[in-house]
Amino acid sequence: MFSSFMINTWIAGTAIALVAAFVGFFVVIRRSAFAAHALPLGAFPGAAAANLLGVNPFFGLLIFVGMGVLLLRQLARIGRRDVGTGLLLVLFLGIGALLLSMTSEYGPAVFSLLFGEVLGVSDADLWAILVICVLVLLAMILMYRPLLLDSSFPDLAALQGIRNARMDLIFLSLLALVTATALPVVGAFLVFTLLVGPPAAAQSFSGHPLLSLLWSVIFAEICIWGAISLSYWSNWPIGFFVGILGAMLFVLARGYRHWHQRQRRLVIRSKVLNQK
Amino acid sequence: MVPEVMNELWRCLSQSAFLNSQPVQTALIVGACAALVSAIIGVFTVLRGNAFAGHALADVSSAGGAASFLLGISPLLGFLGMAWIAALGMEWLGVRKARERDLATGIVLGAGLGLSALFLYLDVTTTSTTGAAVSVMFGSLFAVSRELIWPAIGASLAVFVLVALLYRPWILTAVDPDLATLRGISPRWMGLLQLLALGLAVAVCALAIGAVLATALLIGPAGAAIRLSRRVAQALILAVVIGLTSVWAGIWLAYESYYWFSGHAWPVSFFVVVLVFLFYVFAMLLAARTRARTNVTYPTMREREN
Amino acid sequence: MKSINPILSVADLSVDLGGRSILREVSFDLYPGQLCALIGENGAGKTTLLRTLLGLIKQRAGHALIDGAPARENRALVGYVPQKITFDPDLPLRTRDLVQLGVDGHRLGLPLFSSKKKTAVARALAAVGGEEFADQRVGELSGGQQQRAVIAHALVREPRLLILDEPLANLDFGSANALVALLGKLTHEQQIAVLVTAHDMNPLLPEMDRLVYLVDGRAATGSVAEVVQAEVLSKLYGYPVSVLTHGGRILVLPDAPENADVANMNRCSGHGA
């Protein structure tokens, strides 16, 4: 499992999960679920086009994901999601389907772009992934405090001199970069789960921002390592394991939180009763 | 004069290679079923603000479609079964805080699609079906088996019957749930029945243009029609027209594209999605212009946002 | 007579928005250690006035000075508590963290833990009585607690002027009184100026030093005794009103139509223009 051709996947997966945890942490706080859902779908035709043209998929991904960011900002101005934006997303998928139909390996290409590919990380890919991940990580560390304040309470952040629109653009751009790196490995349909599942679970565990962020990273790494090893061992698609592991983390953590909150309520109630 | 024109038309049609090809005939019929049911159910779905639920159901139903090859059942049944399981699950969980719903639905979608991935992989490795991924996700309308025509028609009829019977209660629950309860109509049951009908529509659409693209037919024609109509009946008719046009034109374009691109046809689903999108944009522009010109906001039915 | 300068000085402030005149020649001063209540109905212009004081809107005429400089330039001296405070129950942010972000939330890079920051945070928390819920998630606090958390966040940078937008709006009577007592304590102990907006002046009466009564963009300013008089308020409203006091509470009532003596009222030219 740790042979030379898998090493790349392990390194790439670890790096991607790390930045996905960081960015996903804020996706959950900012309630940007729609952006996290839409960007991978918008990036999908980019990878398909690159596949068709025979170029490195990263180019296609980055271009389309950049377009996606601009589109999202336009859509945010029009209003929240409605039928139109849903149709736009499906249109992107349709374009991707068309592009892939023009290649010679329609089926396998569709599968790996939608559901991920464990073996697809070449040395060149790995360098690109690591560079992007390091950049995103540095940016996230740099912006941690303003981003946390802006995400939790935009009005207060504005008073401290933080410009909400600029934060939004920076964040969306970082989200776009993570999407572009994660898509080839876990697939367009599972990027959302990797981004959102571990942090949502972590935030159910801890109310301390830094601790919660640390848990996000731990859960994300568990998710990706589990997915890679199970996929390697069973030959089943990695997307399946990411989907299931991510969902399990999410459900378990939410369950824990509900139980914890109920315990607290019972304790408070018994205190009140004892006082009477 | 008219009978002569009619005769000429009939001669053209009956001799066209397009209409004489079996796969095309199957495609036209199944496609029409998909367009009709999705238009009708779509109107109620969008009115209820459930567009995202339709999208989620369609995506998750892909797992059923993929499993159908493993189980040896018809893909229509596979899509339908999964859609109904998901619909019941959604109804049981209920709609809680909007924020939870966003995250939770997304996670469940991911798990469902992950399941599709597994089934599609097993399809390739254990059965002899090829191209399962493509036909489940993006549809291969020309490759649909003739045996599925009657089941598709049957599913569509079931939806028609449901709508015909429950038309008024559904509108009432969409517009004023409290009043509906007062009149003895349970919004929860109505909602459940709508979800089940939605499942039927999802199944037929998934069969026609693939699970992942089915959303376009489910919400597109309905969304466009609602923007342009003032009454539900109007919207229903308009949605059917738009849906049917998109599907049949899509089929024809895909057929012709075989000749344009020397043997390499473009997928039907692509054309259908593009046409639906164009119709929607056109409807939006038209509606905006009409509002601007008359300077009155029509009491159009609101598209409730998710 | 005060020999120190007012921390907030508003003179003949007129603000237009969307072609309409929202504030007309509003004037008042506020000194450190004073609590001022800005009273008015919805649409009277309270929000506009606040936003002008925060430097978010430019006035058409007059000035709003904070410690001698235009409001925009001295924003650092102002602490602000907005009206709508909603925190997600699942937000991974404790009260302590929220206050900490008040200190350095706008700075880039890794947070350096300094003892100075820790004492500032502890002091702000103590000032609002927030130690008891300092380690709880902000989203799990009660409405009153969340408000105190945001006040601590505003206090931590040691503002000289604290502005609170409708803090009493959604509080029950008990919590409202507790908050007013807290604001009074802050004003007098820390010698800051506090400006509070509200619909109803009554909960603030115990701690109020100055009153700015806003009606339709015009203001009557002064002490409670000076402002809350039938003559003054009738002129402001452009309609005869009576002032009733009962048990320390004040009620401003428009006269019944049959008793209203509008003709006698219209002494002020340009009124209602």
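Structural notes, computed from the coordinates. (Residues numbered from 1 in each chain as written. Chains lettered and ligands numbered in written order. Predicted model: local features only at pLDDT ≥ 70, side-chain atom pairs only at ≥ 80, totals over all residues.)

Topic: the overall build of chain A
Right, so step 1: Each helix and strand in chain A was counted, giving 11 helices and zero strands.
Right, so step 2: In sequence order, the secondary structure elements of chain A are arranged as α-α-α-α-α-α-α-α-α-α-α.
Right, so step 3: In summary, chain A has a C-alpha radius of gyration of 20 Å against a globular reference of 19 Å for 276 residues, a match within 12%.
Right, so step 4: By its C-alpha atoms, chain A is 75 × 45 × 35 Å across when sized along the principal axes.
Right, so step 5: Sorting the 276 residues of chain A into buried and exposed places 58% on the buried side. (Helix = DSSP H or I, 4+ residues; strand = E, 2+ residues; numbered from the N terminus. Rg over C-alpha atoms; globule rule 2.2 N^0.38 Å. Buried ≥ 20, exposed ≤ 12 C-beta atoms within 10 Å, placed from the backbone.)

Structural notes on the sheet that holds strand β2 (residues 20–30) of chain C
Residues and elements named next belong to chain C.
Right, so step 1: In space, the four strands of this open sheet follow the order β2-β1-β4-β5, with antiparallel pairing throughout. Across the chains shown, the open sheet's two edge strands, defined by having one partner strand only, are β2 and β5 (69–70).
Right, so step 2: As paired elements, strand β1 (residues 8–17) and strand β4 (residues 61–66) share five bridges and run antiparallel to each other. Bridging from a neighbouring strand, Ala 11 pairs with His 63 of β4. (Pairing = 2+ DSSP bridges.)

As for unusual backbone geometry
Residue and element names in this part refer to chain C.
Right, so step 1: In this structure, Asp 12 is a non-glycine residue whose phi angle is positive, near 50 degrees.
Right, so step 2: Looking at where Asp 12 falls in the secondary structure, it is placed in strand β1.
Right, so step 3: Assessed through the 12 C-beta atoms surrounding it within 10 Å, Asp 12 is described here as exposed.
Right, so step 4: Backbone geometry at Asp 216 places phi at a positive 55 degrees, although glycine is not the residue there.

Focus on the packing of helix α3 (residues 22–47) of chain B against helix α8 (residues 149–175) of chain B
Between two packed helices, what matters for the description is the angle formed by their axes and the separation of those axes.
Residues and elements named next belong to chain B.
Right, so step 1: At their nearest, the axes of α3 and α8 sit 10 Å apart, and the two run at 15 degrees to each other. Regarding the angle of α3 to α8, the classification is roughly parallel. Regarding α3 and α8, the two cross each other, and that crossing is left-handed. Contact residues: Thr 26, Ile 29, Val 30, Cys 33, Leu 36, Val 37, Ile 40, Ile 41, Phe 44 and Leu 47 in α3; Ile 149, Ala 152, Ile 153, Ser 156, Val 159, Val 163, Trp 170 and Ala 174 in α8.
Right, so step 2: Here the contact of α3 with α8 is built from residues that sort into 16 nonpolar, two polar and no charged. (Axes fitted to C-alpha atoms, helices over the stretch in contact; angles between N-to-C directions. Parallel < 35°, antiparallel > 145°, perpendicular 65-115°, else oblique. Left-handed = near helix turned anticlockwise from the far one by under 90°. Contact = placed C-beta atoms within 7 Å. Nonpolar A, V, L, I, M, F, W, Y, C, P; charged D, E, K, R; others polar.)

Focus on the sheet that holds strand β8 (residues 193–198) of chain C
Residue and element names in this part refer to chain C.
Right, so step 1: Taken in spatial order, the six strands line up as β6-β7-β8-β3-β9-β10 in an open sheet, and their pairing is mixed. Two strands in the sheet have a free side with no partner beyond their single neighbour: β6 (78–81) and β10 (218–222). Ignoring strand direction, the axes of neighbouring strands in this sheet form an average angle of 15 degrees.
Right, so step 2: Two elements, β6 and strand β7 (residues 161–164), share four bridges in a ladder whose sense is parallel. Paired with Val 78 across the strands is Leu 161, a residue of β7.
Right, so step 3: Sitting on the sheet, helix α1 (residues 46–53) touches β3 (35–40), β7, β8 and β9 (210–215), and the angle it makes with β3 is about 140 degrees.
Right, so step 4: Across the sheet, helix α4 (residues 143–155) is in contact with β6 and β7; its angle to β6 comes to roughly 165 degrees.

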